[in-house]
Amino acid sequence: MRTTRTATVLIAICALALAGCSGSGGKDSEDRSGSGGGGGGKAVSTPRMKIAMVTHSGQGDTFWDIVQSGAEQAAAKDNVEFLYSADKEGKEQAQLVQAAIDQKVDGIIVTLAKPEAVKAVVAKAAAAGIPVVTINSGAQFSAEVGALSHIGQDETVAGEAVGEELDNRGRKKALCVIHEQGNVSLEERCAGVRKTFGGQVENLNVEGTNMPASTSSIEAKLQTDKDIDAIVTLGAPFAAASVKAKEGSGSTAEVDTFDLNAEVVKRLKAEEVGFAVDQQPYLQGYLAVDEIWLNRTNGNVIGGGKPVLTGPAIVTAKDVPQLEKYTARGTR
């Protein structure tokens, strides 16, 4: 696994968080934690907390299963009741944040993929004294809404790493597949690719919640533009769709992707995917719950309020033996 030169992964912090006090966070958390990456042991003595996570996930996006897995593992040891909700539409996500405020939760974890729609209500939560941690997207808006910090990868840096890798592989024209229009993080990824890639980059918007339609759109584009020699997808589920579209169109383009799951690792092993960008979603969920727990019980702020980077790292077929056992249990 090769971490990009511009990203700083806070390994010491991660190690401390993963080795923290152990405990119980309710029946559901206990059931799921058996396959997770944390440890058991003596329960924490801190009062029971309730922490809500509200994301922009669309239906069927497996990336967020991994984020939840990390959050639930941390909740299990921190004596936290963990509540999860999501909506890909900004207005509806904002309503879910308001619902968390109304439930008088002890902390809120939120994504800012559609910042204009959710900033006001997130700032309202922080102003009311509810600790807020932003994760995954919208890092540049985190301080503005009063969050303790942001946990995730720098999307522009991640895109730049992909552009450099495409150059190293001799590619000349890349198709950057955006599966959710208006998501600032996805746009930043494609912009980062364009910044460092010596060839051409063309964006393609697809209907991310409709995988057959997404596959058809990619296939049609490959059929009409034979110069495309790299397909860059911005989420792990779309790598498989692109492989299928490539086969249907007769294209020889290499499929590369942001994000990692068991399916991507399998396709890396089969050399159907060239490389993937790992932003460690399990760590995003785990550290976010831990940060709120630490803040409420000990006044800590992970990273001193600065963004805590969980990626990017470029992974290829040579990394598969190390990753397979983790992706199989849903933690990478």
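Everything below is about the structure shown above.
Here the structure is a predicted model, which means the values were calculated and not measured.

**Q** Can you help me understand the overall build of the chain in this one?
**A** Each helix and strand in the chain was counted, giving 12 helices and 13 strands. Across the 332 residues of the chain, 55% fall into the buried class. Excluding contacts between residues fewer than 6 apart, the proportion of contacts in the chain whose partners are at least 24 apart in sequence is 74%. For the chain, the accessible surface area stands at approximately 13400 Å², while carbon and sulfur atoms represent 49% of it.

**Q** Explain the packing of aromatic side chains here, please?
**A** Aromatic rings in a pair are described by how distant their centres are and how their planes are angled relative to each other. As enumerated under the stated definition, the model contains two aromatic pairs in all. Plain terms: the ring middles of Phe63 and Trp64 are 5.0 Å apart, the flat faces sit at 75° to each other, and that makes the pair edge-to-face. Assigned by exposure class, Phe63 and Trp64 land together as buried. The ring of Trp293 has Lys77 lying over it, and the distance from NZ or CZ to the ring centre is 5.6 Å.

**Q** How should the nonpolar core be read in this particular structure?
**A** Soluble, globular proteins show a tendency: their nonpolar side chains are buried together. Counting 28 residues, the largest nonpolar core has Met53, Ile109, Val133, Ile135, Ile151 and Val289 as its most contacted members. Mapped by element, the contributors of at least two residues to this core are β2 (49-55), α3 (63-78), β3 (80-86), β5 (132-135) and α11 (281-298). The element best represented in this core is α11, accounting for eight residues. Leave out the neighbours within four places in its chain, and Val133 touches Ile108, Ile109, Val110, Leu148, Ser149, Ile151, Ala288, Glu291 and Ile292. Among the nonpolar cores identified, the runner-up in size contains 23 residues, and Ala245, Val265, Ala276 and Val315 belong to it.

**Q** How should the pairing of strand β8 (residues 200-205) be read in this particular structure?
**A** Side chains on a regular strand alternate between the two faces of the sheet. Sheet topology places strand β7 (residues 173-178) next to β8; six bridges connect them, and they run parallel. Paired with Cys176 across the two strands is Asn203, which belongs to β8. What joins β7 to β8 is helix α7 (residues 184-196), and the crossover it makes is right-handed.

**Q** Could you clarify how one ought to interpret the sheet that holds strand β4 (residues 107-110) in this entry?
**A** Strands belonging to one sheet form pairs held by backbone hydrogen bonds; the direction of such a pair is parallel or antiparallel. Read from one edge to the other, the open sheet built from six strands follows the order β3-β2-β4-β5-β6-β12, with strand pairing classed as parallel. Either end of the sheet is taken by a strand with one partner, and the two such strands are β3 and β12 (308-309). The strands touched by α3 within the sheet are β2, β3 and β5, with β3 carrying the most contacts at an inclination of about 160°.

Thresholds applied
Residues numbered from 1 in each chain as written. Predicted model: local features only at pLDDT ≥ 70, side-chain atom pairs only at ≥ 80, totals over all residues. Heavy atoms only, no water. Helix = DSSP H or I, 4+ residues; strand = E, 2+ residues; numbered from the N terminus. Buried < 20%, exposed > 50% of the residue type's maximum accessible area, 1.4 Å probe, protein only. Contact = heavy atoms within 4.5 Å. Areas by Shrake-Rupley, 256 points an atom, 1.4 Å probe, with all protein chains shown as cover. Phe/Tyr/Trp six-rings, centres within 6.5 Å; stacked < 30°, edge-to-face > 60°. Lys NZ or Arg CZ within 6 Å of the ring centre and 35° of its normal. Core = buried A, V, L, I, M, F, W, Y, C linked by side-chain atoms within 4.5 Å. Pairing = 2+ DSSP bridges. Right-handed = clockwise from strand over helix to strand, strands pointing away. Axes fitted to C-alpha atoms, helices over the stretch in contact; angles between N-to-C directions.

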